[in-house]
Every structure is written in structure tokens, then in C-alpha cells.
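# Working through the structure, step by step
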Amino acid sequence: MRRSALRRCALRRSAWLLSAVSVLTPMAACGQDRAVAQPPAATIQRVAGPDRWASEIAAAEASARRGDRRAATQRAARITAAYEKGGARNSDEYLSAGRAYVLLGIGNAQAVRSALAAFDRATAADSNNFDAQRRAGELFLEKYNAPDARVSFEGILRRSPTDAKALLALARVEEFEGKGDPMATARLSIASDPRYAEALAFVAKMQRDAEAYDSARVYAQRAIDADSTSTAGWSVLGSMAFLNGDSATFRKALAAVTALQPAPAEFYTDLAEASVRQRRYTEAVTLAQRATGYDSLYVPAYGVLGTNQLRTGQMDAGRAALERAFVLDPFNLWHKNTLDLLDKMKTFRTIDRGRFRVVAPPEEAELLALYIVPLLEQAYDALAVRYGYKPPTPIRLEFYRYHADFSVRTVGLAGLGALGVSFGSLLAMDTPNGREKGQFNWGSTAWHELTHAFTLGASDHRVPRWLSEGLSVLEERRVGRGWGADATVSYVLAMANGKLRPISQLSDGFLRPRFPEETQFSYYQASLFCEMVEVSRGAAALPAMLKAYRDGIDTPGVFQKVLGKTPAQIDAEFEAYTQRKFAQAISAVRGTSPNDSSGGKFVATMREAAAKMGSDRDAARRLYEQARAIFPEYGGDDGPAWYLAQIAESVGDTTLALAMVEQVTSRNETAWEANLFEANLREKRGDKAGAIRALDRLNWIWPYDPTVHTRLAVLAASQGDHARAVLERRAIIAMGPTDVLDARYELARALRDAGDIAAARRELLQVLEEAPSFEKAQALLLELRGK
Amino acid sequence: MTHVGLIRWIARHARLMAVHGALALAVALPLSAQRTHVLLVIGLSGAPQFKRSFTAAAQSARDAAVNRWGVSDSSLIVLTEDSTRSALSSGRSTRENIAQSFLRLSSRVQPGDVLFVMLMGHGSGEGAQSKVNLPGPDATAAEYASWLAGFNKQQVVFVNAATGSGDFVAVLKAPNRVIVTATKTSNERNESVFLQYFAGALGMDAADADKDGRLSVFEVFRFARTEVGKVYTSSNRMQTEHALVSDSLLATRVAFGTSAASADPRITALIAERQALESDVASLRTKKATMTAEAYDAELERLLLALAEKTKAIRAAGGGS
């Protein structure tokens, strides 16, 4: 994935915020309708006494935990029948009735509503019944209504601030919403009850998901030590063992869980989810299939199964699994969104070419395929050599015109900030006009995502996220064309002010960013690490790291084996490398104190220059030159080189203008204006090959400008590159020009020039069939007859 | 329906179409004799950017009329919001001047001529009271209808390219009349881009969809409508203007540009032969579904080559397109 956290949870949470209103809708209805299926409160005779259903509900829940749904629902139905007939006598009985409705809630929205109503009545009957409040909150959260869940838990905590169960429940809400610090809240729960197995297992799971395996193992073991029947604890231990190939520990965990749950659907679903976090989608499918085999009513299993079947290109099977999940749980917005998107995708066009399958909106598919397939074929060949691995083909590349659709395809909800995603042999990304022109480069994004397919595959999906991203950015930079991230003022400032993490903790830069730009910075930082490794250890070192991960070695082990250093030594080496590399830049942007983010002398000089541009251009030029001298690596299209280029061009110094603008176009992959400026300048100077290169870069920023394609076609033809001219003429047609017949006539001419007379003739016949009077086409047809 | 039945139906339909075409020709003058008269009206602009845009559009339309359609100065009237005359302006676009212009043109037109009227500006009102804002009192759609009443022997093309112009269609619709509006209703009053594309297309080869060298009103309309759609799609905006044309059949027949006619009988004969070949191509296209692809392509290529040879011969003989 590019430029956004890959962690599913984080994505889900951030996306949730944007879609909260739509998610809330069903539960809002739920809340309004809580009295449904309840005995009228006024008719209930309040009788003190023990909870008549206490043992029955405990037995029902035990059956459910064991996976015996039949026994669980039979017992639960008996309770709810009694409740609906005679009502409850006290708060505890309301609570038991609510718990019974929860057990009947699979595929039954009415039962869910009844459960909430019963919990409400339990609380009304006894405001100290925190268990009822907590269960209501848990049910809200289970049905994706985090705000109401939060209200429930915070209500308990106001009256009992150290309630361990409520603290853990609140941590789960925070995790779901992506707000607050769920780890810290869960630790408060543990502080309140150090042997609270659920909280210990929760922390273990979070640590595992953050790839902090050592810590995860410790917490999971603590959970099991506190309660040997903690399936959550065994699950974390078992999943890590599974992912690391530790079959002995895995078998032990499986045996422990199976003793508690003869049909361990939940355990296998958790394994599947853990596999997804390591980007092992195919294994996730297999594991989720086992889970559904154990329990055909377990919704999360179908969700994981369907989602990952879709990620591995099994479109029909994925849809079927999600439809099953949605029938069982109609509250699930993720599944609904994905199913809606699949309906929309029925209109998409599929183009199979070479080793790639392009799936895109029909009006764009041909245009995008014309360029992206040759680019990715080139990438495939280069990366296969570099990493010694070939991902299975065809590689499916999906394009989405609307970013929200791409987001749903990736995480099930709108709001994901990423541009592209790689699931191995399935890549998905925005179409170039899914965003404003100049916001991203679709060529480098596709190259980046395809690189993941190689690095994931070469490491058997064991490469950590941070390294995979670093390699993808490095591979972008290798292509040239200004692709791949470059040092920005804010990055250098963050480095100068010690805000970046050491390499050994870079995973957290992606998974737990501490400030908004940290994820973005982490991409670049990871790529610098890869660059350093290659410079210091040679080109073979990076593939060797992937191989070491594939062999099951963890990051410290990989550092030691391939790089010959401990994590601390690598951190020191990297620090020295970047300090050296950016020494000049750091001194240019460093402020007067560690918290000074003004951008130092560089930004001050740029500001001064900008102020002079209107009144004293010469002074402005001198200041821009000074700014450039103190931060020569800066390639932003708001930097000194860009202004110096424009000043030089305005006084007719095209040589200097070119030299300056190249500083931008060679470093900035989205600089539309600068590339256009360069193309014009080169064409004016008769440098047709150079103009073609600049226009080509424009095309990867925004391929929808017909004038760019026309210029490329004309220039390419004049350079004798007739194949390129044909490509550009085809692109113009793919864009649906208003004067399509003239566009096709031009294609026929290009085909003639390329020596493909038969194709030129076919094209002309089709043109003249539509417009027999088209004189230029007639003349060309006559000309071709003689050939 | 069997294939035989279908073919019979096509043949009968083709005969009816031929009769219909002949009737149409009976009321219209030969292309070479048909003259075009033009009235361009620029309403109040209200802001410099609109003034620039309206003036540029009027200039495009005027250039097309003079340079491509061969409209004589006496048959070309351009009214602008300014009271001072200019190279472009024949007078101020007041209601009285517009009425006078219609009167003046009515005295010049012959049966079968084409009257092309185009309004540019900001629209207001609705139904028969729809207007384009003018200096002084505005003229209503109903008034335009009354002024057009005197042109019932001509083919009238009335283009209201102003915002909120949609209701003009219902008010002005009549036989032998094509009404084009920039918007579907009087409620579509956001800034519109239809004018610039329609006016630009009047002089643009790219709008000539069938590449016959003449621009039909429908070709211009379709070109502009497509370009307008692209503007909104490419900027990810909801389209707030939807152009209308009242009679697409007539709009296809009314065309501007030089005709292929010639006084040289040799060239006239060649042109007739070429027209016959064009008809053969049209006829062949109707049979496409009943032929093998190879047979169809071979016959198509034979006809197209013959057609191309004919054009070449016309050119060699000094004939135009």
C-alpha cells in the first residue's frame, strides 16, 4: 500500500470516522425500537428473589463458547419465551433475558433490539447493574455503533473509575474508532486487575498486530497463566506460532483451544486475521474456510473469507461469502459497501494483455491499459531479475474512478488516504482522475504496488511492512522520471529535530504514527534505509534480507545475518548515513531551537525572494540563487530552481531555464507545470527527444490531456518513432474525442508510417464507412491501394 | 419477423424515405441557390468576463457566417449591448432593434432560404415570458415567436445560447424551424459553457461528423453538447446545463458550408456519379447484417475506392468538394 497505514485496524478506524453517520443509522433505529418483543413494563409484577435464569443462561453461553450453537439457542429460546410470557422480576433477570437475546441475535436483528431493550430495563431496575450497562455497550460495539458503546462504558467509569471490564471495553471502542490510546486504556484495566485475562490477551493481540512479537508473546502467556481457559490468549500465542512456523507451540495452542471449543471457528478466524496482517491473503482464505467449516453461522469467518477471496482475485467466491455474512449480520457496513461495489464493478471493462488483467471503468479502461501494461511488463521483468521471484500471473490491476470505491475495495469503507494497494497478484488504485491533476503519479504508484507483489512473494509474505514500503519507494526512484519520494523541508526538519524513529522501530512509524506526516516520512525513511543497505553492502543485500525473512528469521536476526549488525548498530549506522547525506539541508532548514519549525534560513530566504519578485526581479533572482545554494537537493515545485527557471526564461536564457527546471522535473513526480515548461522549452530549442521525455512525464501525471498526446504523436513521428506515434493516436481515440473520425484517420496515417498497411486500411475502411465523403481519408485509401 | 419480412420492410421504408426526401427537396431550393441570413444578438453581460466570452462567441459565429457560409454583409446583423458601433456591431441589442432586424431580414429572404438567429446572454423568466436580458426592456419568448412568424417559407434555426433558455423550445417550436437552447429548462441558470462550444463549432471542421464538408445544425449541436459534457466530467462537477434541440431531423438537413454544385456539366456529372456511389454505400450498410464480413468488406472497399477515384476526378477537373 502506498502512503497510508496498511494496518487493517487503523484503516478501518480512520475510515469509520468518515462513515460514522451511515454506520449509525441502523443502530439508531435499533435504539429507538428497544421496546420491541418486550413484555410491557407496566404489567410486570416486581418480585424480589434470585435470578431464575442464572444457571440456564450460564449454560447457554457455555454451549455457545464451545461452539454448540444448537444447545445454546435452545436454552436461550427457553429463557426468552419465559421472559416474553411472564416478564422479569428484577434487574438480574432482565440481564439474563438480554444475554439470551444476544445468543439468538445471529441473522436476527429483532433479537438484537430485544437484547438492548432488556439491558436497558436491567439498568433501569438497578442502576448499579454495571454488567447490564457493559453488555449493552458490547452489543453496540459488536454492531459497529462505537459512539453509543462509548456512552455505556463511560457511564460505568464515571461511577467506578477502576472497573477493569469497563476499561477494557473502552479500550476496544478506542481501537475501533482510532481515537485515544487503546493500549494505554487496556493497561489501566490490567493495572486495576493484573490477572484479568481478557485485558492481557487484548494487549497481546495489539502487540502482535503491531509486529511487536516478543511483547505480544509475554502478554499472551500472562493471559494464559491468569486463566488457562483464555481462548483469546491461546489464540494470540497460536497465531504467532503459526505465522512464524513454530509448529510445536501452534499444536499446543490448538489443543488447548479445542479442549475448550471442539469447533474452534473463532480460533481459525483469528489465525486468518493475523495472516492478513502479515499480508498472507491466500493462507487467510484457507484458514477462514476451515472456520466456516466449523461453524456455518460465524459471521466474522465469512467476512474474512469473502474479503480475502476478493483480494486474491476469487471474485465470485468472495461475493458469495460476503453475501452469506451479510444475511447473518445485516448491520455490517463493510460487507454491504463491498457488495454494493461489486455490483458497480459489473459495468467495469476487463482487458487481458500480456501478464496483466486491467479492470477499470469502461470509459477509461483502454486509455489506461495502453500505457500501464507496457510499463508494468517492463517493471515485472526488471523486478523478477532483482528479486529472483516471479509473482503468479495474470496480475490483476483494478482502477477506481472514485476514491471512495477504491477505499471500499481496500478496507470496506470510504476514507482511506492511500492511492494504491497491493494484495500480491491483485493491485488496486485510483484512476489518475480520481484525484486532482498533480496530486499523484499513476505510473509510479502502479510501479510501487507491483514491487510489493515481488517483495511479498520473495519473502513468502514475511517481509515487514516498513521494509516492503521502503523497497517499493526505492524501486520507484530507480525508474528515474523524478519518481519516488524526495527530501522535503518538513522531512529534513523532522530529522533535524529528532522526530523520526530509529530504523529498528520504523514499523511503528507506519502502524502507530505520532503525528500526521509520520507515515509519509516513514516511507521515505524506509527507502533511505534500503538505499544505504545497497550502497554499503551491495545490490544482493536487499534480496538476501527478503530471503532471510522467508526463512522465518525475525528482524533482529535478519539484521545480524545479512547486515552483520544488531538493531542498535543499524540504527546508529543509519543515523550517521542520513546526517551525512543531509548535512547541508539540515543546516539550511534548522531553526534556532529544536521546536523551531520555521524552516530556518532556507525558508526565510525563499520568503524574502518571493516578496521581491514583483518589485525587484534581480534581487529576487539573487535570493533564489542563495536559497538554492544552501539546499541544492530541494526539488519541490515551490522551490528556488522553479523560480529561477521562470526568471531565466523570461530574459531569454533558455539554457539556464532548462538547467533549473530539470532540477524540479528530475526530482518531483507530480510537477505538471514544470514538465510542461520543460517540454515547451525543449521543443522551441529543437530538442524533440527531450520534449518527448518531458511530455511522457506529463502523461504519467495526467493522461487525459489530448494536446499532450497529439504533441507526442507528432514529435514521435518526426523522430521516426512510429510505434510511439501509433500508441499516442490510439490514446487519443481511447479518450473518446468528439471528432473521432478525424482521430481515426490520423491513426491510419500513423499506422501507414509504421508500415502496418493492413491495419491502416482496416481503420480507413471503418472511417469511410461512417463518412464516405471524408476526402482526406479517401485520398489515403487511394494511396494505400498502391502499397 | 423473418429475414425476408425484415428485408421487405426495409425496402418499403426506403421508398417512403425517398418520397419524403423528394418532398423536402420540393420545398427547399437547390443548395447552390439557398442563401443564409444571420442575426446575432448579444444581451447584457453584467461582468467583464461575460462580455469577453459573449463577444468572442459572436465573433466566432460571425466569422463562420462570412468565411464559411458565404453570408453577405447585407444579410448579417450583429447587435451588441454597447451603443457605439464597432467592427463587430451593427447596432445596440435593444428590443426595438431586434424587432427591426427581423423586419429587415424578412424583406430580404426568399422561400427556401435559411434564417439563423442566435441569442447570447443571461436568461430570466419562464414559459412564454422567458427572456434574455437586454439593454432596456427585454424581449420575451412570445415576442420572438411573433417576429419569426413572417419566416414560414424559410428554414429557421433559432439558437438561444443563454442560461435558463430551455422554455424557448416550447414557445418557438414550429414546422420548418429548429430551436436550440443551452439548457433544458428555465431553471438551469448557472453559468453555462454551451455558448462557447456551439459558437466555436460553427466554424470548426472537427464538428463535421460525417466529413462531407458541410456542417449541419445537428452536427454543431451534438459537438457542443459532447464538449459541454466533457467539461463537467473532467472537472468532476455535476452537470448543470443540458442543451436541447427541437427537431433533430430538420437539424440534420439544415446545413451550412459550400456546396458541391458546379456550372461545368462534366463536373456536375461526376458529382452525380459520386452521389450515386454514396447512396450505394448507404444501401450497402443496411445490408451489413445479412452479409458475411468478408463479402461486406470487399464490397465496401470497392465502393469506397470508386468514390475516392470520383472525388479525385472532380478535383482534377477543377471542382470543389
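Per chain, residue numbering runs from 1 following the sequence as it is written. Ligands are numbered from 1 and chains lettered from A, in the order in which they are written. Where totals are concerned, whole chains, interfaces and linings use all residues; where local detail is concerned, this predicted model gives features only for residues with pLDDT of at least 70, and gives and counts side-chain atom pairs only at 80 or more.

### Quick notes on the overall build of chain B
- Scanning chain B from N- to C-terminus turns up ten helices and eleven strands.
- The burial tally for chain B puts 40% of its 321 residues in the buried class.
- Residue pairs are scored as contacts if the distance between their C-beta atoms, which are placed from the backbone, is within 7 Å. The long-range share in chain B, meaning contacts at least 24 apart out of those at least 6 apart in sequence, stands at 67%. Counting from the N terminus, the helices are DSSP H or I runs at least four residues long and the strands are E runs at least two residues long. Partly exposed residues are those falling between the two cut-offs: more than 12 but fewer than 20 other C-beta atoms within 10 Å of their own, whereas 20 or more means buried and 12 or fewer means exposed, with C-beta atoms placed from the backbone.

### Focus: the overall build of chain A
- Along chain A, the regular secondary structure elements total 40 helices and five strands.
- The C-alpha radius of gyration computed for chain A amounts to 31 Å, which stays within 12% of the reference 28 Å derived for 787 residues, consistent with globular compactness.
- Viewed in the frame of its principal axes, chain A has a C-alpha envelope of about 100 × 70 × 55 Å.
- Considering chain A as a whole, with its 787 residues, one finds that 54% of them fall into the buried category.
- Partitioning the intrachain contacts of chain A with sequence separation of at least 6 by distance along the chain shows that 58% fall at a separation of at least 24. For this measure, only C-alpha atoms enter the radius of gyration; the expected value for a globule follows 2.2 Å times N^0.38, where N is the number of residues.

### A few points about the sheet that holds strand S2 (residues 76–80) of chain B
Residues and elements named next belong to chain B.
- Reading across the sheet, the seven strands line up as S3-S2-S1-S4-S7-S8-S10 and stay open at both edges, with mixed pairing between neighbours. Each of the sheet's edge strands pairs with one partner strand only, and the pair in question is strand S3 (91–92) and strand S10 (244–245).
- Where S2 and S3 come together, two bridges link them in parallel fashion. Considered in S3, the bridge of Leu 79 is made with Gly 91. Note on pairing: DSSP must find at least two bridges between two strands before they are called paired.

### Comments concerning the confidence of the model for chain B
- Confidence scores labelled pLDDT are given residue by residue by the predictor and lie between 0 and 100. For chain B, per-residue confidence averages 87 on the pLDDT scale, and 88% of positions sit at 70 or higher.
- Counting contacts from residues 1–31 of chain B, a segment whose pLDDT is below 50, to residues more than four positions away or on other chains yields eleven contacts.

### Considerations on the pairing of strand S1 (residues 349–353) of chain A
Residues and elements named next belong to chain A.
- Of the pairings in the sheet, the one linking S1 to strand S2 (residues 356–360) comprises five bridges and is antiparallel in character. Opposite Arg 349, over in S2, you have Ala 360 as the bridge partner.
- What sits between the antiparallel neighbours S1 and S2 is a turn of two residues, in which Gly 354 has the positive phi angle 55°.

### Section: helix H5 (residues 109–125) of chain A
- Between the first and last C-alpha of H5(A) there are 25 Å, a value that for 17 residues agrees with the 24 Å anticipated at 1.5 Å per step.
- The buried fraction of H5(A) is high, at 13 of 17 residues. A helix is expected to span 1.5 Å for every residue after the first.

### Structural notes on the interface of chain A and chain B
- In this assembly, 18 residues from chain A lie in contact with 23 residues from chain B.
- Among the secondary structure elements, those contributing two or more residues to the side of chain A that touches chain B are helix H38 (740–753), helix H39 (757–770) and helix H40 (775–785) of chain A.
- The element contributing the most residues to the side of chain A that touches chain B is H40(A), with six residues.
- Gly is placed with the polar residues, together with every amino acid not listed as nonpolar (Ala, Val, Leu, Ile, Met, Phe, Trp, Tyr, Cys and Pro) or charged (Asp, Glu, Lys and Arg). Tallied by class, residues from the side of chain A that touches chain B come to ten nonpolar, three polar and five charged.

### Digging into the pairing of strand S1 (residues 36–42) of chain B
Residue and element names in this part refer to chain B.
- Within S1, seven of the seven residues are buried, which leaves the element mostly enclosed by the surrounding structure.
- Burial along S1 is two-sided: Thr 36, Val 38, Leu 40 and Ile 42 and His 37, Leu 39 and Val 41, pointing in opposite directions, are all buried.
- Alignment of S1 against S2, held across four bridges, turns out to be parallel. Across the sheet, the residue bridging to Leu 39 is Ile 77, located in S2.

### Here we look at the environment of A:Thr519
All names here are of chain A.
- Checked against the element boundaries, Thr 519 lands in helix H25 (residues 518–537).
- Overall, the presence of 21 C-beta atoms within 10 Å leaves Thr 519 in the buried class.
- Each C-alpha atom, one on Thr 519 and one on Ala 627, is 28 Å from the other, the two residues being 108 residues apart in sequence.

### Focus on the nonpolar core
- Think of a nonpolar core as buried Ala, Val, Leu, Ile, Met, Phe, Trp, Tyr and Cys residues, each tied to the set through C-beta atoms within 7 Å. Within the largest apolar cluster, 254 residues are counted, with the highest numbers of intra-cluster contacts made by A:Leu200 and A:Val492.
- At eleven residues, helix H19 (residues 362–387) of chain A tops the list of elements feeding residues into this core.
- The contact partners of A:Leu200, leaving out residues within four places of it in the chain, are A:Ile190, A:Tyr219, A:Arg222, A:Ala223, A:Ala226 and A:Gly233.
- Among the nonpolar cores identified, the runner-up in size contains 71 residues, and B:Ile42, B:Phe151, B:Leu215 and B:Phe218 belong to it.

### Quick word on helix H2 (residues 54–66) of chain A
- The end-to-end C-alpha separation of H2(A) is 18 Å, in line with the 18 Å expected for 13 residues at 1.5 Å each.
- Of the residues trailing H2(A), A:Gly67 is marked for its positive phi of about 95°.

### Description of the environment of A:Asp316
- Within the secondary structure, A:Asp316 sits in helix H17 (residues 315–328).
- Counting along the chain gives ten residues from A:Asp316 to A:Gly306, while the straight-line C-alpha distance between them is 9.3 Å.

### Focus on the confidence of the model for chain A
Residue and element names in this part refer to chain A.
- Residue-level pLDDT values for chain A average 90, and 94% of them are 70 or greater.
- Note that pLDDT drops below 50 for residues 1–36; the model gives that stretch 91 contacts with residues more than four away or on any other chain.
- Note that pLDDT drops below 50 for residues 42–46; the model gives that stretch five contacts with residues more than four away or on any other chain.

### Some points on the packing of H40(A) against helix H10 (residues 293–316) of chain B
- Viewed as axis vectors pointing N to C, H40(A) and H10(B) meet at an angle of 110°, and their least axial separation amounts to 9 Å. With respect to each other, H40(A) and H10(B) are oriented roughly perpendicular. In this structure, H40(A) meets H10(B) at a crossing whose hand is left-handed. For the pair H40(A) and H10(B), contact is made by A:Glu775, A:Gln778, A:Ala779, A:Leu781, A:Leu782 and A:Arg785 and by B:Leu304, B:Leu305, B:Leu307, B:Ala308, B:Thr311 and B:Lys312, respectively.
- Of the residues contributing to the contact of H40(A) with H10(B), the split by class is seven nonpolar, two polar and three charged. Each axis is a line fitted through C-alpha atoms, taken for helices only over the stretch in contact, and angles between the N-to-C directions span 0 to 180 degrees. Each angle receives one of four descriptions, namely roughly parallel if under 35 degrees, roughly antiparallel if over 145, roughly perpendicular if within 65 to 115, and oblique otherwise. The handedness criterion is simple: a crossing whose near helix is rotated anticlockwise from the far helix by less than a right angle is left-handed, and one whose near helix is rotated clockwise is right-handed.

### Re the sheet that holds strand S5 (residues 426–430) of chain A
All names here are of chain A.
- Taken in spatial order, the five strands of this open sheet run S1-S2-S3-S5-S4, and their pairing is mixed. Looking at which strands have only one partner, the edges of the open sheet turn out to be S1 and strand S4 (420–422). This sheet shows a mean twist of 15° between the axes of neighbouring strands, independent of strand direction.
- The strands that H19 touches are S1, S2 and strand S3 (395–400); relative to S2, the one it contacts most, it runs at about 150°.

### Let's talk about the environment of B:Ser90
All names here are of chain B.
- Structurally, Ser 90 is set in the loop between S2 and S3.
- Under the C-beta neighbour-count criterion, Ser 90 is labelled partly exposed, with 18 such atoms within 10 Å.
- A sequence separation of 194 residues divides Ser 90 from Leu 284, and the C-alpha atoms of the two residues are 50 Å apart.
- Excluding residues that lie within four positions of it along the chain, Ser 90 makes contacts with Ile 77, Val 78 and Leu 79.

### Things to note about the packing of helix H14 (residues 265–277) of chain A against helix H16 (residues 299–311) of chain A
Residues and elements named next belong to chain A.
- It is the contact of H14 with H16, at a shortest axis distance of 9 Å, that shows an interaxial angle of 30°. Classed by the angle they form, the pair H14 and H16 counts as roughly parallel. You can see that H14 and H16 cross each other, and the crossing is left-handed. Contact residues: Ala 265, Thr 269, Ala 272, Glu 273 and Val 276 in H14; Pro 300, Ala 301, Val 304 and Asn 308 in H16.
- Here the contact of H14 with H16 is built from residues that sort into six nonpolar, two polar and one charged.

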